[in-house]
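# Descriptive analysis of the structure
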Amino acid sequence: VLVDSIQTLYTDASTSAPGSVTQIREGTRLLMGWAKANRIPVIIAGHVTKEGDVAGPRVLEHMVDVVLYLDGDRMSELRILRSEKNRFGSTDEVALFRMEGNGLVEVSDPSNQMLSQRKGSIVGSVVTPVLQGTRPMLVEIQALTAPVVGPTPRRVANGMDGNRLVLLATVLSRRAGIPLGSQDVIVNVTGGFRVGDTSADLATALAIVSCFKDQPLEQDIVVLGEVGLGGEIRLVSQLGRRLQEAARLGLRRAVIPEAAEVDLSDIKGIDIIPVSTLMQAILILFPRARSAGRGERIPATAEGEDEA
């Protein structure tokens, strides 16, 4: 049974108007009792507020068994189905759909779809593999820096946690000598995805450096690693599966944490570039000989990073 929408239903058991908190709660209770008694699945569509929450009482989400959100960029043909609550399974899985003439069609290869519009090497663009539930998926992270116009620099994050962007910008300024105090920093995850995986830290930081130095990374590089407050690159989970997905789509080099232990026997055609610090990654991917021209200061490197 499909109900579209719960805000339009009403029951005579309540004198409130349709769409009120009482009517939504009572209507959902009656539907749940009927569904479980007759063993028939009931899917209830509900309106959302501007903040993205279900309109009406929050208790509605506590009453039902599964809460699903179908969202995406309004101007994009892609839609993402994600689970906010699931009493019978994982809430980390996502499904990707594309709107066509006959309706929504599932995208069977999300990684290829996400990178289909990436042509050549682009300044401020870095590819990273993230986990959406049990599925590794390649996403493109783009960054843009510009001189501050207002009184304070802005940190704008679209598709990732804004506090994480502030942390990475601070680490870049303090640990890697990239002067972002006079720069607005904007980061975007393409395709309408939201990345909550800290494995995208290094890719985000290098995308910012790429734009600031006006130097693109090579097209066949994939980057992953968590960035600590000391500028160190930390391990991420399920590294092998992420690298397999990168190799499948033709990426040939991977920047990963130095401490990672990877079995490359099942990963063909990809070269590993281990890094232990953010500064070391910058020196490898943006050689010092090409770093001039923007007037930025290159700090003295820690012991062992000159060899890198």
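Scroll up to find the structure this text is about.
These notes cover the structure that comes with them. Predicted model, so just to flag it, every value in this text is computed and none were measured. (Residues numbered from 1 in each chain as written. Predicted model: local features only at pLDDT ≥ 70, side-chain atom pairs only at ≥ 80, totals over all residues. Heavy atoms only, no water.)

## Overview of a nonpolar patch on the surface
A contiguous nonpolar patch, built from V1, W34 and I40 and spanning about 250 Å² of accessible area, is present on the exposed surface. Of note, W34 is situated in helix α1 (residues 21-38). (Patch = residues over 30% accessible without salt bridge, like charges linked within 9 Å, V, L, I, M, F, W, Y side chains within 5 Å. Areas by Shrake-Rupley, 256 points an atom, 1.4 Å probe, with all protein chains shown as cover. Salt bridge = Lys/Arg side-chain N within 4 Å of Asp/Glu carboxyl O. Helix = DSSP H or I, 4+ residues; strand = E, 2+ residues; numbered from the N terminus.)

## Topic: helix α5 (residues 201-213)
Here α5 contains 13 residues, and its C-alpha end-to-end distance of 18 Å stays within 8% of the 18 Å for a straight helix at 1.5 Å per residue. With respect to burial, α5 is a largely interior element, 13 of its 13 residues being buried. Two residues or fewer past α5, D214 is found with a positive phi of approximately 60 degrees. (Expected span 1.5 Å × (residues − 1). Buried < 20%, exposed > 50% of the residue type's maximum accessible area, 1.4 Å probe, protein only.)

## Digging into the layout of surface pockets
Put simply, the second largest pocket is a space of about 890 Å³. If you trace the second largest pocket, you find 38 residues lining it, with I80, G192, F193, R194 and V195 closest to the centre. The set of elements that each furnish at least two residues to the lining of the second largest pocket consists of β4 (78-86), α3 (110-114), β7 (125-132) and β10 (183-189). Broken down by element, the residue count for the lining of the second largest pocket peaks at five residues, all from β4. When the residues that make up the lining of the second largest pocket are grouped by side-chain class, the tally is 10 nonpolar, 16 polar and 12 charged. (1 Å grid on protein atoms, 1.4 Å probe; cavity = no way out; pocket = protein on both sides within 12 Å on 5 of 7 lines; lining within 4 Å. Points joined across faces, edges and corners; volume = space filled by probe spheres on them. Nonpolar A, V, L, I, M, F, W, Y, C, P; charged D, E, K, R; others polar.)

## Focus on the pairing of strand β6 (residues 103-106)
Judged from the four bridges that link them, strand β5 (residues 94-100) and β6 form a sheet pairing that is antiparallel. Opposite F97, over in β6, you have E106 as the bridge partner. Connecting β5 to the antiparallel partner β6 that follows it, the hairpin turn spans two residues. (Pairing = 2+ DSSP bridges.)

## Let's talk about the sheet that holds β5
The strand order across the open sheet formed by four strands is β3-β4-β5-β6, and the pairing between neighbours is antiparallel. Both outer strands of the open sheet, β3 (66-71) and β6, are each paired with one neighbouring strand and no more. Neighbour-to-neighbour, the strand axes of this sheet turn through a mean angle of 30 degrees, independent of strand direction. As paired elements, β3 and β4 share six bridges and run antiparallel to each other. By the bridge assignment, D71 is partnered in β4 with I80. (Axes fitted to C-alpha atoms, helices over the stretch in contact; angles between N-to-C directions.)

## With respect to the environment of L202
Position of L202 relative to the elements: it lies in helix α5. Take L202: its relative accessible area is 0%, and that puts it in the buried class. Every residue in contact with L202, bar those within four places of it in the chain, is listed here: V223, L224, G225, V227, I233, V255, V275, L278 and A281. (Contact = heavy atoms within 4.5 Å.)

## Section: the environment of P41
The residue P41 is located in the loop between α1 and β2 (43-45) in this model. Take P41: its relative accessible area is 64%, and that puts it in the exposed class. Along the sequence, P41 and L31 sit 10 residues apart, while their C-alpha atoms lie 10.0 Å from each other.

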